[in-house]
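The lines below spell out each chain.
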Amino acid sequence: MGPFVALALNGFREARRNRVTLLVGIFAIAMLLSTTLVLEVTVNTFDRVLTDVGLGAMSLMLVLLTIFLSSGLISREIERRTIFLMVSKPISRGAFLVGRLLGNMLTVTVLQLAMAALFFGMMAFYKSPITSAHLAAIGMLWFELWVLSGVGFLMSSFSSQMVSAFVTVSVYVAGNLAPDIYKLAGKSKSGAVQSLGEAVYYVLPDLSKLNYRPHATYYAEITSAELLSSAGYAMAYTGVLVSLAVLLFNRRDFR
Amino acid sequence: MSSPTPIEIRNLSKTYRLGFFMNRQVRALQSLDLTLMPGQVYGLLGPNGAGKSTTIKILMNLVQPSEGEARLFGMAPTNREARRRVGYVPENPAPYEYLTGREFITLSGRLAGMSGKELDDRVNEVIGMVQMTRAANLQIRRYSKGMVQRVALAQALVSKPDLLILDEPTSGLDPVGRRQIRDLILEERHRGTTILFCTHIIPDVEALCDRVAVLVGGRRVREGSVAELVSAQATHMELTVEGLPLERIQTLGIELEQARVLENRVLLRVRDAEAQRLLKLLLEQGGRVTQLQPARFSLEELFLRALEEAKQGPVGGEIS
């Protein structure tokens, strides 16, 4: 096992032994199971509600967990002074950072797989049809979590956990509204506002590109080219964030 | 091919930029030169803020120097191959609390490139060396400070380093804990490991180090072997005399700084300049001089004197 894998598995072990992760996991599964209560009050839209509430609960819990884990990923190491024992090891700072990020994503992925298995189990139990749109929605949520992890991770490399979490939540909200911000700014008569809206749109991650939950709810068609383009966008955006984090982290003094 | 010199530091300086706008400058280290030869135990002695930890952090690639250079085995500290040969224990070490001692030492071994049976065997060996066998499978959050310090030392030793860098390894420990850590360092010294040891606890330096550098205000103000530093400051001689009573010695006309009677011997302390004359007179009077040696000037006195002298000149600290 190389140092890289050792760091990633250690990150997973850290999250597994963290009570917050455990609580979020239990709460997420309880939320998914409670979907059945909502179904009691539906008549004709049974399948849609099951998909909507199930995928919504999954998304909400995983986004919260990702923000919690990624925003403290490096800042916690610095605050608790564990960084001194790690960065002094014969590994590059970049490898340390990426190893920690992978450990984080491994935790989120395992929890997402468990939640997806439960969700599909419930759909099968209620004989609700499972389409490729459901798979796409869950797959693209995973890419969305990568982007959010990247934002939290970048912030965490130079600021406290509170600041990182606040910025990541803000980016999540603004990122989902990015196309609306762009359209709204476009309607302005001021050239400056239009340029600002354009700049905000290109700087912020367009998370609406990764939201396929409405497609799953309404059984809409999704092309593989569309999926590939969205996944590529998410990974490229994450790549830029991680590169920036490595660049900043490499120049940092640990006093 | 890499140089065998474990540590070479030339003209090393570090100025920290602090504050929101990075407009406050604090000088932590000024033009430091230092060389550690293989097998040496080298002590960096100095008060808080002297620049000891900054020097070590530059060597461990935790801090980047402002000027000058530091080399580990002829390589820059940023080079992973250089750090592979080094075991490091920071001041107040903080291993991951959610891991057990064994897990943390194993992780450290993996990060140093070890694996498989070689790693497992070495982990068991170092756990035994630091006497943590019974507590190895407990989470570190349950450890006492002494246990954390021993785990930190074990993680530094796991990769069989050629060079150990220890930042205040005994600070905050009770006498038993200090003794255990000191014994472990002595064992490593006997194995031939080069050790850079930074502390402000003088008895530890006297017990462990071959050479010492005293840092004050980011500058090196003294350097040499413990014996050299101590004897260079010796301004008095001590004599042990038999066969002459103290009353008789006091009539010889030499000013005695100190005189004590012990059973059939008299212990005398005189200024260096008077020693030869006293010796001659004692022998003429029929006394037997059984011991003659420079009076021991403690490292602590030397350290305090160095501090006093350094206060006269420019020192580190906030410069703007």
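Being a predicted model, the structure only gives us computed values, none of them experimental.

1. A word on the interface of chain B and chain A
- Taken residue by residue, the interface counts 26 residues in chain B and 20 residues in chain A.
- Elements supplying a minimum of two residues to the side of chain B that touches chain A: α2 (80-84) and α3 (101-111) of chain B.
- Split into classes, the residues belonging to the side of chain B that touches chain A amount to 14 nonpolar, seven polar and five charged.

2. A word on the sheet that holds strand β5 (residues 86-89) of chain B
All names here are of chain B.
- The strand order across the open sheet built from six strands is β5-β6-β7-β3-β8-β9, with neighbouring strands paired in mixed fashion. Every interior strand has two partners, whereas the edge strands, β5 and β9 (219-225), have only one. Between one strand axis and the next, the sheet turns through 15° on average, direction left out of account.
- For strand β3 (residues 41-45) and strand β8 (residues 211-216), the ladder comprises four bridges, and the chain directions are parallel. Among the inter-strand pairings, Leu-45 is bridged to a residue of β8, identified as Val-214.
- Sheet strands in contact with helix α1 (residues 52-59) are β3, β6 (163-167), β7 (194-199) and β8, and its direction is about 145° off that of β6.
- Docked against the sheet, helix α5 (residues 145-157) engages β5 and β6, running at close to 165° with respect to β5.

3. What to know about helix α9 (residues 161-176) of chain A
- Here α9(A) spans 22 Å end to end across 16 residues, near enough to the 22 Å set by a 1.5 Å rise per residue.
- If you follow the buried residues of α9(A), they end up packed against α4 (46-71), α5 (75-79), α8 (132-156) and α10 (178-186) of chain A.

4. Quick word on the pairing of β7(B)
Residue and element names in this part refer to chain B.
- Where burial is concerned, most of β7 is hidden: six out of the six residues are buried.
- Side-chain alternation along β7 places Thr-194, Leu-196 and Cys-198 on one buried face and Ile-195, Phe-197 and Thr-199 on a second face that is also buried.
- Both β3 and β7 contribute to a ladder of five bridges, which runs parallel. The residue of β7 that forms the bridge with Gly-43 is Phe-197.
- Direction of pairing for β6 relative to β7: parallel, over a ladder of five bridges. Within the sheet, the bridge partner assigned to Leu-166 lies in β7 and is Phe-197.
- Since β6 and β7 lie parallel, the crossover through helix α6 (residues 175-190) that links them has a hand, and here it is right-handed.

5. Some words on the nonpolar core
- Among the nonpolar cores identified, the biggest contains 135 residues, and Met58(A), Ala137(A), Leu153(B), Ala154(B), Ile165(B), Leu196(B) and Phe197(B) are the most heavily contacted of them.
- If you tally residues by element for this core, the top one is α8(A), at 15 residues.
- Not counting chain neighbours up to four residues away, the residues in contact with Met58(A) comprise Leu32(A), Met115(A), Phe119(A) and Leu141(A).
- Membership of the second largest hydrophobic core comes to 11 residues, among which are Met237(B), Ala275(B), Leu278(B) and Ala295(B).

6. So, the packing of α4(A) against helix α7 (residues 93-125) of chain A
All names here are of chain A.
- Interaxial distance between α4 and α7 falls to 11 Å at its minimum, and their mutual angle equals 165°. On the basis of their axis angle, the class for α4 and α7 is roughly antiparallel. Crossing of α4 over α7 shows right-handed handedness. Of the residues in α7, those touching α4 at Leu-50, Gly-54, Met-58, Leu-62, Leu-65, Thr-66, Leu-69 and Ser-70 are Asn-104, Thr-107, Val-108, Leu-111, Gln-112, Met-115, Phe-119, Met-122 and Met-123.
- Of the residues contributing to the contact of α4 with α7, the split by class is 11 nonpolar, six polar and no charged.

7. Quick notes on the confidence of the model for chain B
All names here are of chain B.
- Here chain B averages 87 in pLDDT, while 93% of its residues score no lower than 70.
- The weakest mean pLDDT in chain B belongs to strand β14 (residues 317-318) at 55; the strongest belongs to α3 at 96.
- Complex prediction metrics read pTM 0.82 and ipTM 0.85.

8. Digging into the sheet that holds strand β10 (residues 236-242) of chain B
Residue and element names in this part refer to chain B.
- If you trace the four strands from one edge of the open sheet to the other, you get β11-β12-β10-β13, paired in antiparallel fashion. Strands at the two margins of the open sheet, each flanked by one partner only, are β11 (258-262) and β13 (288-294). Neighbour to neighbour, the strand axes of the sheet diverge by 15° on average, direction disregarded.
- Of the strand pairs in this sheet, β10 and β13 are connected by six bridges, and their pairing is antiparallel. Note that in β13 the partner of Met-237 across the bridge is Pro-294.
- Helix α10 (residues 272-284) rests against β10, β12 (265-271) and β13 of the sheet, and its axis sits at about 145° to β12.

Scoring rules and cut-offs
- Residues numbered from 1 in each chain as written.
- Chains lettered and ligands numbered in written order.
- Predicted model: local features only at pLDDT ≥ 70, side-chain atom pairs only at ≥ 80, totals over all residues.
- Contact = placed C-beta atoms within 7 Å.
- Helix = DSSP H or I, 4+ residues; strand = E, 2+ residues; numbered from the N terminus.
- Nonpolar A, V, L, I, M, F, W, Y, C, P; charged D, E, K, R; others polar.
- Pairing = 2+ DSSP bridges.
- Axes fitted to C-alpha atoms, helices over the stretch in contact; angles between N-to-C directions.
- Expected span 1.5 Å × (residues − 1).
- Buried ≥ 20, exposed ≤ 12 C-beta atoms within 10 Å, placed from the backbone.
- Right-handed = clockwise from strand over helix to strand, strands pointing away.
- Core = buried A, V, L, I, M, F, W, Y, C linked by C-beta atoms within 7 Å.
- Parallel < 35°, antiparallel > 145°, perpendicular 65-115°, else oblique.
- Left-handed = near helix turned anticlockwise from the far one by under 90°.
- pLDDT = per-residue confidence, 0-100.

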